[in-house]
Amino acid sequence: MSKPVVLIAEELSPATVDALGPDFEIRNVDGTDRPALLSALSDAHAILVRSATKVDAEAIAAAPQLQVIARAGVGLDNVDIKAATTAGVMVVNAPTSNIISAAELTVGHILSLARHIPAAHASLAAGAWKRSSYTGVELYEKTVGIIGLGRIGALITQRLQAFGVSVIAFDPYVTTARAQQLGVELVSLEDLLRRADFTTIHMPKTPETVGMISDDQFALMKPTAFVVNVARGGLIDEDALHRALTSNTIAGAGLDVFVSEPPKDSPLVSLPNVVVTPHLGASTDEAQEKAGVAVAKSVRLALGGELVPDAVNVAGGVIDPYVRPGIPLVEKLGQVFTAMATSPVTSIDVEVHGELADYDVSVLKLAALKGVFTDVVSDQVSYVNAPLIAEQRGVTVRLITDGDSPEYRNLLTIRGAQSDGPAISVSGTLTGPKQVEKLVEINGYDVEVALDKHHVVMAYTDRPGIVAVYGKEFGDAGINIAAMQIARQSAGGEALSVLTVDSPVPDEVLEHVRSTIDAASLREIDITL
């Protein structure tokens, strides 16, 4: 079999390729060369990019086999996440790869503003000696305001406290206990802006945060205050910032990010009280290597059919090793569930009973939906778009957990209602030291059958000799029965037979067996996962 194709569209560290390993065919393309990119995507299973390559809806449509888009960095402005999700393509990034580099650059901007380092360097390099022109201020006993006390904000706090500063912060999602642990005082945004000598912003770019620092906010700040943004362009209103800087409303600014990059014709760049850098937050050897290695590992997981817990368009979470074996089991139960359906499903409950209920099992709901829709839609179904497919089809989905499981240590059940027909349920468990996947219930009938590639499920009136009849019919058709179990709720009532067969059963054979034994239902189940 040919190896999956991994397309590297921008320069990444050699450690990235090493982390991918030998299991993939590595190809390179210039992601900024649009025709070359679209052509190279035609048979790619994964693409690794940084910030220059635009993986938009057109690019995704040109990649019918694409399973994962990996951004070796934090921001995802160049990836159409909505289009990727609709296509079932996982989007991953490296959210922690550059946090130390970004924090250190922030401290660098603060020091540069406090001591006029870039301007003094430029002056001296030009032959001038103007010591009095570059008198600065100490950080000692100053107040630093951090807007957004996440991972980067916390790192900045730790580093700046060594300078003897007081740190205040605004973050509506951080608890007082966490702030106290960091030695930070939580305040309102308005209070922060009034009190801070240096304000640095570390918020995600959302419709709510774009332009969150504008004229009204600058009016609250001290005339001696400085503002720093190494997070995302647009969090600070650039026109308002220019007005504040040129009117001496504030003393200066340090900018690493801009609304448009590069910032052509921006009046901010040439102001004497502004320190600018060309989006260097992640531009260290260490950050680039961390980012590449992190997304390479994610690509390996994704192409191996596993869920990547921190994929940005998958509601997953950290998967406990105790939960992980249940993922392929519940996917297969999803295929059994679909095979048993006779009309469109309107609701699905994914039930987790037993010890597993004490863990985060949200991934099992995703896996169940992936299995349910694998044989229903023609498009690729993944952990990414399975919930979207359910939503588009009007299927309500619930995850139900219950620590009580009388018969099995753990029991996974998929239960659903049909638009025209009875409810469906299938259950499975893992048994023994080898964690054998077993089907243990179908529509209320107790069975115990090891899950295999091909099964036939028949419901018929229980009567003597019926097993011999259908056994002969399958034998005459050359279909070998590898295992069989029969369940019934009462003698002479309806019985349910689950056969494990060695090969797919032709439709005409199934129909012949159905008519011969007068089966109430007969379904073939082909498990492809």
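In case you missed it, the structure is sitting above this.
Cut-offs used in this document
- Residues numbered from 1 in each chain as written.
- Predicted model: local features only at pLDDT ≥ 70, side-chain atom pairs only at ≥ 80, totals over all residues.
- Heavy atoms only, no water.
- Helix = DSSP H or I, 4+ residues; strand = E, 2+ residues; numbered from the N terminus.
- Rg over C-alpha atoms; globule rule 2.2 N^0.38 Å.
- Buried < 20%, exposed > 50% of the residue type's maximum accessible area, 1.4 Å probe, protein only.
- Contact = heavy atoms within 4.5 Å.
- Areas by Shrake-Rupley, 256 points an atom, 1.4 Å probe, with all protein chains shown as cover.
- Lys, Arg positive; Asp, Glu negative; His and termini not counted.
- Charge placed at Lys NZ, Arg CZ, Asp CG, Glu CD.
- Pairing = 2+ DSSP bridges.
- Axes fitted to C-alpha atoms, helices over the stretch in contact; angles between N-to-C directions.
- Right-handed = clockwise from strand over helix to strand, strands pointing away.
- Parallel < 35°, antiparallel > 145°, perpendicular 65-115°, else oblique.
- Left-handed = near helix turned anticlockwise from the far one by under 90°.
- Nonpolar A, V, L, I, M, F, W, Y, C, P; charged D, E, K, R; others polar.
- Polar contact = N/O pair within 3.5 Å; in protein donor to acceptor, adjacent residues only side chain to side chain.
- Salt bridge = Lys/Arg side-chain N within 4 Å of Asp/Glu carboxyl O.
- Arc of directions from axis to C-beta.
- Phe/Tyr/Trp six-rings, centres within 6.5 Å; stacked < 30°, edge-to-face > 60°.

(A) A look at the overall build of the protein chain. A count of helical and extended segments in the protein chain gives 17 helices and 22 strands. By the compact-globule yardstick of 24 Å for 529 residues, the protein chain is too spread out, its C-alpha radius of gyration being 30 Å. Along the first, second and third principal axes, the C-alpha set of the protein chain runs to 105 × 50 × 40 Å. Counting every position in the protein chain, which comprises 529 residues, the buried fraction comes to 49%. Within the protein chain, counting contacts between residues at least 6 apart in sequence, those at least 24 apart form 63% of the total. Surface exposure of the protein chain reaches about 24,600 Å², of which carbon and sulfur atoms provide 52%. Of the charged side chains in the protein chain, 40 are positive and 64 negative, and the gap between their average positions amounts to 6 Å.

(B) Up close: the sheet that holds strand E4 (residues 68-71). Reading across the sheet, the five strands line up as E2-E1-E3-E4-E5 and stay open at both edges, with parallel pairing between neighbours. The outermost strands of the open sheet, each flanked by one partner alone, are strand E2 (25-28) and strand E5 (90-93). The sheet shows a mean angle of 20° between the axes of neighbouring strands, taken without regard to direction. Both strand E3 (residues 46-49) and E4 contribute to a ladder of four bridges, which runs parallel. Within E4, the residue paired with Val-49 across the bridge is Arg-71. Contacting strand E1 (5-8), E3, E4 and E5, helix H12 (residues 285-303) runs over the sheet at an angle of about 170° to E4.

(C) Spotlight on the pairing of strand E18 (residues 445-450). Here E18 shows a buried face lined by Tyr-445, Val-447 and Val-449 and an unburied face lined by Asp-446, Glu-448 and Ala-450. Bridge count between strand E17 (residues 436-442) and E18: four bridges; the pairing is antiparallel. Within the sheet, the bridge partner assigned to Ile-442 lies in E18 and is Tyr-445. Turn length for the E17-E18 hairpin, with the two strands adjacent in sequence and antiparallel, is two residues, and the turn residue Asn-443 shows positive phi of about 50°.

(D) Spotlight on the pairing of strand E9 (residues 198-201). On E9, burial covers both faces: Phe-198 and Thr-200 on one face and Thr-199 and Ile-201 on the other are all buried. Taken together, the four bridges between strand E6 (residues 143-147) and E9 define a ladder with parallel strand orientation. Within the sheet, the bridge partner assigned to Ile-146 lies in E9 and is Thr-200. Crossover E9 to strand E10 (residues 226-229) through helix H10 (residues 215-220) is right-handed.

(E) Broad picture of the packing of helix H5 (residues 99-115) against helix H7 (residues 151-161). It is the contact of H5 with H7, at a shortest axis distance of 9 Å, that shows an interaxial angle of 50°. By the angle between their axes, H5 is oblique relative to H7. Two packed elements cross with a definite hand, and for H5 against H7 that hand is right-handed. On H7, the residues touching Ile-99, Ile-100, Ala-102, Ala-103, Glu-104, Thr-106, Val-107 and Ile-110 of H5 are Arg-151, Ile-152, Leu-155, Ile-156, Arg-159 and Leu-160. Its residues placed into classes, the contact of H5 with H7 shows 10 nonpolar, one polar and three charged.

(F) Spotlight on the side chain of Glu-351. Mapped onto the elements, Glu-351 comes out in strand E13 (residues 345-354). On the basis of relative accessible area, Glu-351 is assigned to the buried category, the value being 9%. Among the polar contacts made by the side chain of Glu-351, one reaches the side chain of Arg-415 at a distance of 2.8 Å. With sequence-adjacent residues up to four places away left out, Glu-351 is seen in contact with Ile-400, Leu-411, Leu-412, Thr-413 and Arg-415.

(G) Structural context of the pattern of salt bridges. Across all of its chains, the model carries 19 salt bridges by this definition. For Lys-438, the salt bridge is made with Glu-448, and the minimal N-O distance between the two is 3.0 Å. Remark: Glu-448 occurs in strand E18 and Lys-438 occurs in strand E17; sequence separation between them is 10 residues. In this structure, Arg-488 engages Asp-462 in a salt bridge whose closest nitrogen and oxygen atoms are separated by 2.5 Å. Highlighted residues: Arg-488 in strand E20 (residues 481-488) and Asp-462 in the loop between strand E19 (454-461) and helix H16 (466-476), separated in sequence by 26 residues. Judged by its relative accessible area of 18%, Asp-462 falls in the buried class.

(H) Spatial organisation of the sheet that holds strand E7 (residues 166-170). If you walk across this open sheet you meet the seven strands as E8-E7-E6-E9-E10-E11-E12, and the pairing is parallel. Of all the strands in the sheet, just strand E8 (185-186) and strand E12 (274-276) have a single pairing partner and so form its edges. Sheet analysis places E7 next to E8, joined by two bridges and oriented parallel. Residue Ile-168 lies in a different strand from E8, and its bridge partner there is Glu-185. Against the sheet, H5 makes contact with E9, E10, strand E11 (252-255) and E12, and its axis sits at roughly 150° relative to E10, the strand it touches most.

(I) Here's a closer look at the environment of Asp-56. Relative to the helices and strands, Asp-56 is located in the loop between E3 and helix H3 (57-61). Distance from Asp-56 to Asp-80, taken between C-alpha atoms, is 4.8 Å for residues 24 residues apart in sequence. Among all residues touching Asp-56, those that are not within four sequence positions of it are Arg-34 and Asp-80. Among the polar contacts made by the side chain of Asp-56, one reaches the main-chain amide nitrogen of Ala-59 at a distance of 3.0 Å.

(J) Just helix H17 (residues 507-517), in detail. Where H17 is concerned, the buried positions are Val-509, Leu-510, Val-513 and Ile-517. Projection of H17 onto a plane perpendicular to its axis shows the buried side chains occupying an angular sector of 100°, all on one side. In H17, the exposed positions that point more than 90 degrees away from the buried face belong to Asp-507, Glu-508 and Ser-515. The inward-facing, buried residues of H17 contact E19, H16 and strand E22 (521-526). Positive phi appears at Asp-518, one or two residues downstream of H17, with a value of about 55°.

(K) Molecular detail of the packing of aromatic side chains. Taken as a whole and assessed by the stated rule, the structure comprises three aromatic pairs. Both rings, one in Tyr-322 and one in Tyr-359, keep their centres 5.1 Å apart while their planes meet at 40°; by these two values the pair is tilted. Placement of the pair is Tyr-322 in the loop between H12 and helix H13 (326-340) and Tyr-359 in the loop between E13 and helix H14 (362-374), with a sequence separation of 37 residues. With relative accessibility at 27%, the residue Tyr-322 sits in the partly exposed group.

Taken by themselves, the reported measurements are silent on function.
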